[in-house]
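Examination of the molecular architecture
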Amino acid sequence: MVNVGSDKPNIRQVATIAGVSHMTVSRVLNDHPNIKPDTKRRVLEAIEELDYRPNLVARALATQRTRRIGVIVESAVAHGPTSILRAVELSARAAGYSVTPIALHEGDALSPQEAVDNLVTQGVDALCVIAPRSSSVAALRRIAITVPMLVVKADADPTFLTVSIDQHAGTTLVVDHLVALGHRDILHLSGPLDWLDARARERAFHSRAKSWGIRERPIVVGDWSADFAYDFAKGLTRLPDYTAIFAANDDMAIGLIHGLHDRGFEVPTDLSVVGFDDIPLARHFLPPLTTVRQDFGALGVSVVEMLRAAIEGRDIPALTRIPTELVPRASSAAPREVR
């Protein structure tokens, strides 16, 4: 064990313990691709033994990188965006990067241009946009951006890097589940259609419903909130012809169940309800909510891997769609006329 005295350990002490040059330690810290696995292992073990923390300012000056990712988040109070941001932060931290977020809210005075300018002036190495609206993506296309940018959205894009959870597959799981139970008339309560995830789920719903020959009926466009869905359900004057409702997120699904209960209808006896997200309370609601689980952790890893590759000049990983999982619970059952 090297005696480091009262001073903080430095890179040369790490090199001595690992039996390498201080330049080799520097290459390991900066993820140089041409380091032998055994050498990298010895250096990392020495770093852990000494509890060495590299001087981030010096590293930034040497590499012209801050190891910081700027994140623009639309509606940072919603479950999906906050979960993705948390996952990106955890994955970035594990890779030696920090995250600087800025939230945009509908009606906010802060524009996408100002958000980008704010982050770029802080010296970020890359930018990520979470839960975007089509209007904000259009605004970003008009901005000259000098660092890699990734947008979390379902479709590939000629301007930005993209990665997403597979919204189409998740929605298909919902429709197939309800059809298997016997439903042939399903209402879709969508999110705001300027939101790319809401649009992706709405399109997937119509596509899958059409393939099953399900009756086509106009969707109801919501605002992601439980209050909107509650008011919609309370406004029903009679038991509707449709036998199931697919809500584009769990908040609206829970608001529906509450409103249907207050209106005198039972879920799933009168209407089945399915959500999307699998928020922590979904399994504790009465009845527990059938929903689609999104793997936000895997999405965060993919976001950081893709941005790191772009920052470091490596090959960009192949575009992937993070898979989803249907979680059947008591809020969905066979339709009333089938029982």
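Residues numbered from 1 in each chain as written. Predicted model: local features only at pLDDT ≥ 70, side-chain atom pairs only at ≥ 80, totals over all residues. Heavy atoms only, no water.

As recorded in an unreviewed UniProt entry, the chain goes by DNA-binding LacI/PurR family transcriptional regulator and comes from Microbacterium phyllosphaerae.

**Points about helix H12 (residues 296-311)**
Along its 16 residues, H12 runs 22 Å from first to last C-alpha, staying within 8% of the 22 Å computed at 1.5 Å per residue. For H12, the full list of buried residues reads Phe296, Leu299, Gly300, Ser302, Val303, Val304, Met306, Leu307, Arg308, Ala309 and Ile311. Remark: glycine 313 follows H12 within two positions and exhibits a positive phi of approximately 70 degrees. (Helix = DSSP H or I, 4+ residues; strand = E, 2+ residues; numbered from the N terminus. Expected span 1.5 Å × (residues − 1). Buried < 20%, exposed > 50% of the residue type's maximum accessible area, 1.4 Å probe, protein only.)

**Brief notes about the pairing of strand S6 (residues 186-190)**
In summary, the side chains of a regular strand alternate between the two faces of the sheet. Burial within S6 is extensive, with five of its five residues counted as buried. Burial of the side chains of S6 extends over both faces: Ile186, His188 and Ser190 are buried on one face and Leu187 and Leu189 on the other. Where S6 meets strand S7 (residues 220-221), two bridges bridge the pair, whose relative direction is parallel. In the sheet register, serine 190 faces S7, and the bridge partner there is valine 221. (Pairing = 2+ DSSP bridges.)

**A word on the pattern of salt bridges**
Scanning all chains against the criterion turns up 17 salt bridges. We note a salt bridge from arginine 293 to glutamate 325, for which the minimum N-O separation is 3.4 Å. Linking arginine 293 in strand S10 (residues 291-294) with glutamate 325 in strand S12 (residues 324-327), this pair joins segments that are 32 residues apart in sequence. Taking the relative accessible area as the measure of exposure, arginine 293 reaches 34% and is therefore partly exposed. (Salt bridge = Lys/Arg side-chain N within 4 Å of Asp/Glu carboxyl O.)

**Digging into the nonpolar core**
Nonpolar side chains tend toward joint burial in soluble globular proteins. In this structure, Val71, Ile130 and Val303 are the most contacted members of the largest nonpolar core, which totals 52 residues. The leading source of residues in this core is H12, at seven residues. Ignoring any residue separated from it by four or fewer positions in sequence, one finds valine 303 in contact with Val88, Cys128, Leu150, Val152 and Val163. Among the nonpolar cores identified, the runner-up in size contains 16 residues, and Val116, Leu127, Leu140 and Phe160 belong to it. (Core = buried A, V, L, I, M, F, W, Y, C linked by side-chain atoms within 4.5 Å. Contact = heavy atoms within 4.5 Å.)

**Notes on the packing of aromatic side chains**
Taken as a whole and assessed by the stated rule, the structure comprises three aromatic pairs. Centroid distance tryptophan 195 to tryptophan 224: 6.3 Å. Interplanar angle 85 degrees. Geometry classified as edge-to-face. Highlighted residues: tryptophan 195 in the loop between S6 and helix H9 (196-211) and tryptophan 224 in the loop between S7 and helix H10 (226-234), separated in sequence by 29 residues. For the pair tryptophan 195 and tryptophan 224, a shared accessibility class is recorded, and that class is buried. Judged by centre distance (6.2 Å) and plane angle (35 degrees), the ring pair of phenylalanine 205 and phenylalanine 246 falls under tilted. Of the two residues, phenylalanine 205 sits in helix H9 while phenylalanine 246 sits in strand S8 (residues 244-247), which places them 41 residues apart along the sequence. (Phe/Tyr/Trp six-rings, centres within 6.5 Å; stacked < 30°, edge-to-face > 60°.)

**Brief notes about the sheet that holds S8**
Ordered by their spatial adjacency, four strands build an open sheet running S7-S6-S8-S9, and the pairing between neighbours is parallel. In this open sheet, the two strands that pair with only one neighbour each are S7 and strand S9 (272-274).

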